[in-house]
Amino acid sequence: MTGIASARTALACNGGPPVRDPARPWPRWPAPSQEAERNLLHVLHGDRWTLTAPLGRAESFERRFARMFARYTGTRHCVPVDHGSSALVIALESLGLRPADRVLVPALTWTASASAALRAGLVPVLVDVDPVTGCVGPDDLDLDVDARAVVAVHWSCAMADIPAIADVADRHGMVVVEDCAQAHGAEWQGRRAGSMGRIGCFSMQQGKVLTCGEGGAVVTDDDALAPRLEELRADSRRHRSDSGRPGEQELVETGSIMGVNFCLGEFQAAVLCAQLEILDRQHEVRARNFAVLAALVDEIPGVRLLRPAPAQTRMSIYEVPFVFDRLPEGMTNADIARALTAELHTSFYITDTPLHVTPLLRPWTKSTLAPLADQFVALHRDRTFPNASRFYEHSVVTHHSTLLGSEPDMADIAAAVAKVAALVQD
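Model, not experiment: these values are computed from the prediction.

**Student:** How do you make sense of helix H6 (residues 162-171) when you look at a structure like this?
**Tutor:** The set of residues buried in H6 consists of Ile162, Ile165, Ala166, Val168 and Ala169. Each buried residue of H6 sits inside an arc of 165° when the element is viewed along its axis, so together they form one side. The exposed set on the far side of H6, more than 90 degrees from its buried face, consists of Asp170 and Arg171. Put simply, Asp161 is the residue that caps the front of H6, since its side-chain oxygen is 3.2 Å from the backbone nitrogen of Ala164. Positive backbone phi, approximately 70°, marks Gly173, located one or two places after H6.

Here it is as structure tokens:
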């Protein structure tokens with residue numbers, strides 16, 4: 001038996017002994033704070049379960065979270081919503097773009113970054129990403145398609161260079177919308193994610209570092225956009241200008257722009273208020289473990305951790321991408337993910353399918369999108385995205401909860417990665 005065949009046999013997925021004892025648990029996720037249960041009971045036994053109900057005796061958790069999160073992101077306004085997708089939709093709708101205007105979206109992201117544009121009556125135009133960070137960069141913006149906005153996605157654990165993107169966008173009449181679904185609390189030269197574009201959009205879905213199960217938020221410094229965002233998420237209603245009295249409605253029918261109901265419920269807002277209080281402590285644990293893991297992985301030939309750009313001064317780690325520049329003979333990165341999962345007894349998986357090949361972005365399957373879908377198809381007929389494709393084919397990721405463990409946990413991960421990387425022949 002050759003050495004490479006012996007190495008393959010030694011993998012846990014082929015019957016060999018795993019690196020990690022399956023009896024050793026990994027940190028759980030979601031990880032509720034002690035205040036979460038107390039807040040939920042307060043809502044449950046209180047007089048208000050939703051923002052759209054009459055005013056109660058105390059301030060709503062929705063209002064409390066909006067204030068807390070605006071302060072956390074360093075912005076003047078926060079409008080909570082029911083999902084991150086809703087955040088993107090109302091952000092794009094608030095800009096006053098024309099029907100079928102084009103919006104640049106990186107190919108390496110979740111489908112909502114593009115489908116939100118279609119829901120807002122716009123045409124997403126996919127662009128490639130930076131080969132080092134996996135984020136769209138200023139050089140990736142396609143200036144030939146006459147786009148009016150760019151959705152700049154902070155991906156995985158890296159941030160897009162929003163100041164540089166905004167510089168290009170401003171000179172070409174484009175608005176920058178930050179998609180911060182994977183970047184709560186990340187910083188670029190000391191500025192928080194969401195505070196650098198015209199609008200920042202967040203998801204609080206269960207997998208995110210700040211979660212309430214399903215939720216989202218839009219932040220902005222634009223005093224004119226904030227009331228429009230409120231109306232767009234609450235059936236054309238805004239918060240009243242005075243404090244009001246119990247029994248009166250908090251939302252008043254201002255009606256300057258037609259909206260729908262994307263309101264965040266009080267139970268979700270109560271959880272977010274509690275979880276936000278512990279988010280930075282969790283960030284510190286993840287950052288410390290990332291540094292330990294990075295040093296260990298640096299010693300493994302052929303594998304590298306995705307690293308943020310030097311200008312990113314704080315990480316918010318949603319996923320940890322391991323990039324295998326060379327794949328073991330006869331194996332795909334999906335095979336590597338299965339092998340690492342078997343070695344470590346926690347989930348390793350490949351990144352979301354890039355938008356140019358995902359089955360989730362198919363606007364032609366909805367008859368009401370036909371005019372936009374025709375343009376989408378025509379625009380992408382000859383476009384290629386080599387960097388996004390390479391990340392998809394060569395990366396394996398694990399969830400951020402893995403980094404809430406200990407240094408011995410990081411050593412286990414590195415040992416498993418080295419075990420699989422040894423299959424790469426010279």
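From this point on, the discussion continues.
**Student:** Looking at this model, I keep getting lost on the environment of Val176. Mind explaining?
**Tutor:** Structurally, Val176 is set in strand S5 (residues 175-179). For the pair Val176 and Thr211, spaced 35 residues apart in sequence, the C-alpha separation works out to 25 Å. Ignoring sequence-local partners within four residues, the contact set of Val176 consists of Val150, Ala152, Ile162, Ile165, Ala166, Ala169, Gly197, Arg198 and Ile199.

**Student:** Looking at this model, I keep getting lost on the nonpolar core. Mind explaining?
**Tutor:** Among soluble globular proteins, nonpolar side chains are generally buried collectively. Residues Phe69, Leu293 and Phe322 are the most contacted members of the largest nonpolar core, which totals 130 residues. Of all the elements, helix H8 (residues 266-297) adds the most residues to this core, at 11 residues.

**Student:** How should the sheet that holds strand S12 (residues 303-305) be read in this particular structure?
**Tutor:** Strand pairing within a sheet occurs via backbone hydrogen bonds; the two strands may be parallel or antiparallel. Taken together, the four strands give an open sheet; going across it, the order is S12-S14-S16-S15, and neighbouring strands pair in antiparallel fashion. Looking at the sheet topology across the chains shown, the edges are occupied by S12 and strand S15 (348-349). Two strands pair when backbone bridges link them, and S12 and strand S14 (residues 319-324) are joined in this way by three bridges, in the antiparallel orientation. Paired with Leu305 across the strands is Phe322, a residue of S14. Against the sheet, H8 touches S12 and S14, its axis set at about 160° to S12.

**Student:** What exactly am I supposed to notice about the pairing of strand S4 (residues 149-153) here?
**Tutor:** Within S4, five of the five residues are buried, leaving the element largely enclosed by the surrounding structure. Along S4, one buried face is formed by Ala149, Val151 and Val153 and the opposite face, lined by Val150 and Ala152, is buried too. Pairing of S4 with S5, which is carried by five bridges, proceeds in the parallel orientation. Note on S5: the bridge partner recorded for Val150 is Val176.

**Student:** Help me understand helix H11 (residues 386-394), please; the structure alone is not making it clear to me.
**Tutor:** The complete set of buried residues in H11 reads Ala388, Ser389, Phe391 and His394. Of the surrounding secondary structure, the elements contacted by the buried residues of H11 are S14, helix H9 (333-344) and strand S16 (395-399).

**Student:** How do you make sense of the pattern of salt bridges when you look at a structure like this?
**Tutor:** What the rule picks out here adds up to 27 salt bridges. Across the pair Glu248 and Arg245 runs a salt bridge, and its minimum N-O distance is 3.1 Å. For Arg245, a relative accessible area of 57% gives the class exposed. In this structure, a network of salt bridges that share partners links the residues Arg20, Arg24, Asp409 and Asp412.

**Student:** Just to check I follow, could you spell out the sheet that holds strand S3 (residues 123-127) for this structure?
**Tutor:** Spatially, the seven strands line up as an open sheet ordered S1-S9-S8-S5-S4-S2-S3, and their pairing is mixed. In this open sheet, the two strands that pair with only one neighbour each are strand S1 (77-81) and S3. Each adjacent strand pair in this sheet contributes to an overall mean axis angle of 20°, direction not counted. Bridge analysis of strand S2 (residues 102-106) against S3 gives five bridges, and the strand direction is parallel. Bridge pairing in S3 links Pro106 to Val127. Packing of helix H7 (residues 225-233) onto the sheet brings it into contact with S1, strand S8 (199-203) and strand S9 (216-220), and relative to S1 it is tilted by some 10°.

Criteria and cut-off values
Residues numbered from 1 in each chain as written. Predicted model: local features only at pLDDT ≥ 70, side-chain atom pairs only at ≥ 80, totals over all residues. Heavy atoms only, no water. Buried < 20%, exposed > 50% of the residue type's maximum accessible area, 1.4 Å probe, protein only. Helix = DSSP H or I, 4+ residues; strand = E, 2+ residues; numbered from the N terminus. Arc of directions from axis to C-beta. Polar contact = N/O pair within 3.5 Å; in protein donor to acceptor, adjacent residues only side chain to side chain. Contact = heavy atoms within 4.5 Å. Core = buried A, V, L, I, M, F, W, Y, C linked by side-chain atoms within 4.5 Å. Pairing = 2+ DSSP bridges. Axes fitted to C-alpha atoms, helices over the stretch in contact; angles between N-to-C directions. Salt bridge = Lys/Arg side-chain N within 4 Å of Asp/Glu carboxyl O.

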